[in-house]
Amino acid sequence: MEIRFEKNPNPAKKPDPASLGFGKIFTDHMFMMDYTAGEGWHDARIVPFSNLSIHPACTALHYGSEIFEGLKAYRRADGKVQLFRPIENIRRMNRSAERLCLPEIPEEDALDILLTFVRTEEDWTPSAPGTSLYLRPFMFGNDETLGVHSVNHATFLIIASPVGSYYKEGINPVKIMIEDEDVRAVRGGTGYAKCGGNYAASNRAGHRAETRGYSQVLWLDGVERKYIEEVGAMNVMFKIGDEVVTPKLTGSILPGITRKSIIELLTKEGYKVSERLLSVDELAKSMEDGTLVEAWGCGTAAVVSPIGELCYRDHKYTVNGGKIGELTQHLYDTLTGIQWGKIPDEFGWTVKL
Ligand code: PLP
Ligand code: COI
């Protein structure tokens, strides 16, 4: 695929790694291309990072036709930069596109675009411990008309942001509130797709949880309000006795790439891992009788994030004494070890630039 390049004449100074946080600073360039029905994708370009100019009737602004992805480029100890399972993000983006009636991008083209863009912004990949270059591919419906239809025009972009940890707690345990009022998604809806609308619908409960001192909410299924689904920006796993349980993918949960990797890792290491329905009652019982040993969330932004407290209907349960558990620490060390190139990648997950 031919990609036009327009160099930013005013490159920014690289930020102090201590000030990074998540998603506040952006690199010098962005990737952009447009889609027109009948013509396909065209005008692929890497241009200086800037605001966009869009028509006030743009479909995404009115009807929420928007999907996104999140993956990271990591600076290895030997100085090289690598991506983690980018093809999985590309495949998930195409599944999201199919659900939202947005155009798909052929896998080879998407990978070529991603690698070309990251090579352009490679210098922005920080090297301080715990930092990376977060990549945010996204696509939106871009018709200039108010009719509700699948779109004839779309725009795809990739922006990049050097990041530290997502939660202010870093690797320290977070507090999570189980939400039994609002729901995030239902089967048959868009829960499995990574679309902006899912997050817009999550904000009210997320805000309520934050005002009560919790980092995020843990969603229950939208039909029976009975089964554990996932957390606001991560999948969730529990060690109950000697079984690691994670909610199975029923269609309303995002199929996380970190989730998939941890399942593969634990299975290889001989752990008993179950992808199954887990009711909130079973979880509450395991917290009461002490069989819940550890709980953690996992995601690209959140990495592996220990859960130190769960609140359900005003009952507060402390998990593992509010400290990071042994298995959670092991998973964090192994996964980030592979991502930052500190330990051998026996799975073939990493892709060097
Ligand atoms: N669930 C939700 C709602 C998310 O936003 C994310 C983050 O991307 C995840 C799960 C984890 O997915 P992944 O591991 O692919 O980043
Ligand atoms: C990610 O982990 O990449 C996410 O997309 C989570 C988020 C910041 C919404």
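Preceding this paragraph is the structure being described.
The text that follows walks through the structure, step by step, so that each part is easy to find. Everything numeric here is computed off the predicted structure, so don't read it as measured data.

Before going further, it helps to examine the layout of surface pockets. The computed volume of the largest pocket comes to approximately 740 Å³. For the largest pocket, the lining is made up of 37 residues, of which Y166, Y199, Q216, G232 and A233 are closest to its centre. By residue number, the principal contributor to the lining of the largest pocket is helix α4 (residues 196–211), which donates 6 residues. Grouping the constituent residues of the lining of the largest pocket by class yields 15 nonpolar, 14 polar and 8 charged. Within this model, the second largest pocket holds a volume of roughly 200 Å³. Forming the boundary of the second largest pocket are 16 residues, of which S165, G170, I171, V303 and Y332 lie nearest the centre. At the level of elements, β5 (71–75) and β16 (303–312) are the ones that each hand at least two residues to the lining of the second largest pocket. Partitioned by chemical class, the residues of the lining of the second largest pocket number 10 nonpolar, 5 polar and 1 charged. Residue-level mapping places the lining of the second largest pocket at the junction of two domains, with at least three residues from each of domain 1 (4–163) and domain 2 (174–339).

Here the focus is a nonpolar patch on the surface. Where nonpolar side chains cluster on the molecular surface, the patch consists of L52, I54 and L61 and spans about 250 Å² of accessible area. Residue placement: I54 occurs in the loop between β3 (40–48) and α1 (59–63). The exposure class of I54 is partly exposed, given its relative accessible area of 35%.

Right, let's talk about the packing of aromatic side chains for a bit. A full pass over the atoms with the stated rule returns 10 aromatic pairs. Relative to W340, the ring of Y74 lies with its centre 5.6 Å away and its plane at 90 degrees, an arrangement referred to as edge-to-face. Of this pair, Y74 sits in strand β5 while W340 sits in the loop between α7 (326–339) and β18 (350–352); the two residues are 266 residues apart in sequence, bridging distant segments of the chain. Each member of the pair, Y74 together with W340, is buried. Aromatic ring contacts, followed pair by pair, group F31, Y35, W41 and F156 into a single cluster.

All residues in the neighbourhood of ligand 2 are listed as F22, F68, G70, Y134, R136, Y166, K194, Y199, A233, T300 and A301. Separating an oxygen atom of ligand 2 from a side-chain N or O atom of Y134 is a distance of 2.6 Å. K194 has a polar side-chain atom sitting 2.7 Å from an oxygen atom of ligand 2. When ligand 2 is considered free in solution it has 290 Å² of accessible area, and contact with the protein chains removes 89% of it. With respect to the pocket detection grid, ligand 2 is positioned in the largest pocket. Taken together, the residues of the shell around ligand 2 break down into 7 nonpolar, 2 polar and 2 charged. When residues of the shell around ligand 2 are sorted by domain, at least three fall in each of domain 1 (4–163) and domain 2 (174–339).

On to the pairing of strand β2 (residues 29–36), then. Counted residue by residue, β2 has 8 buried out of 8 residues, so it is predominantly covered. Note: β2 against β3, 7 bridges, orientation antiparallel. Directly across from F31, in β3, lies its bridge partner I46. Between β2 and β3, which pair antiparallel in sequence order, lie 3 residues; one of them, G38, sits at a positive phi of approximately 90 degrees. One ladder, built from 6 bridges, connects β2 with strand β8 (residues 153–163); its direction is antiparallel. The partner of D34 across the bridge, within β8, is T155.

Calculation notes
- Residues numbered from 1 in each chain as written.
- Chains lettered and ligands numbered in written order.
- Predicted model: local features only at pLDDT ≥ 70, side-chain atom pairs only at ≥ 80, totals over all residues.
- Heavy atoms only, no water.
- 1 Å grid on protein atoms, 1.4 Å probe; cavity = no way out; pocket = protein on both sides within 12 Å on 5 of 7 lines; lining within 4 Å.
- Points joined across faces, edges and corners; volume = space filled by probe spheres on them.
- Helix = DSSP H or I, 4+ residues; strand = E, 2+ residues; numbered from the N terminus.
- Nonpolar A, V, L, I, M, F, W, Y, C, P; charged D, E, K, R; others polar.
- Domains from an automatic or database assignment.
- Patch = residues over 30% accessible without salt bridge, like charges linked within 9 Å, V, L, I, M, F, W, Y side chains within 5 Å.
- Areas by Shrake-Rupley, 256 points an atom, 1.4 Å probe, with all protein chains shown as cover.
- Salt bridge = Lys/Arg side-chain N within 4 Å of Asp/Glu carboxyl O.
- Buried < 20%, exposed > 50% of the residue type's maximum accessible area, 1.4 Å probe, protein only.
- Phe/Tyr/Trp six-rings, centres within 6.5 Å; stacked < 30°, edge-to-face > 60°.
- Near = heavy atom within 4 Å.
- Polar contact = N/O pair within 3.5 Å; in protein donor to acceptor, adjacent residues only side chain to side chain.
- Sits in = over half its atoms within 2 Å of the grid points.
- Pairing = 2+ DSSP bridges.

Shape descriptors only; they carry no functional weight alone.
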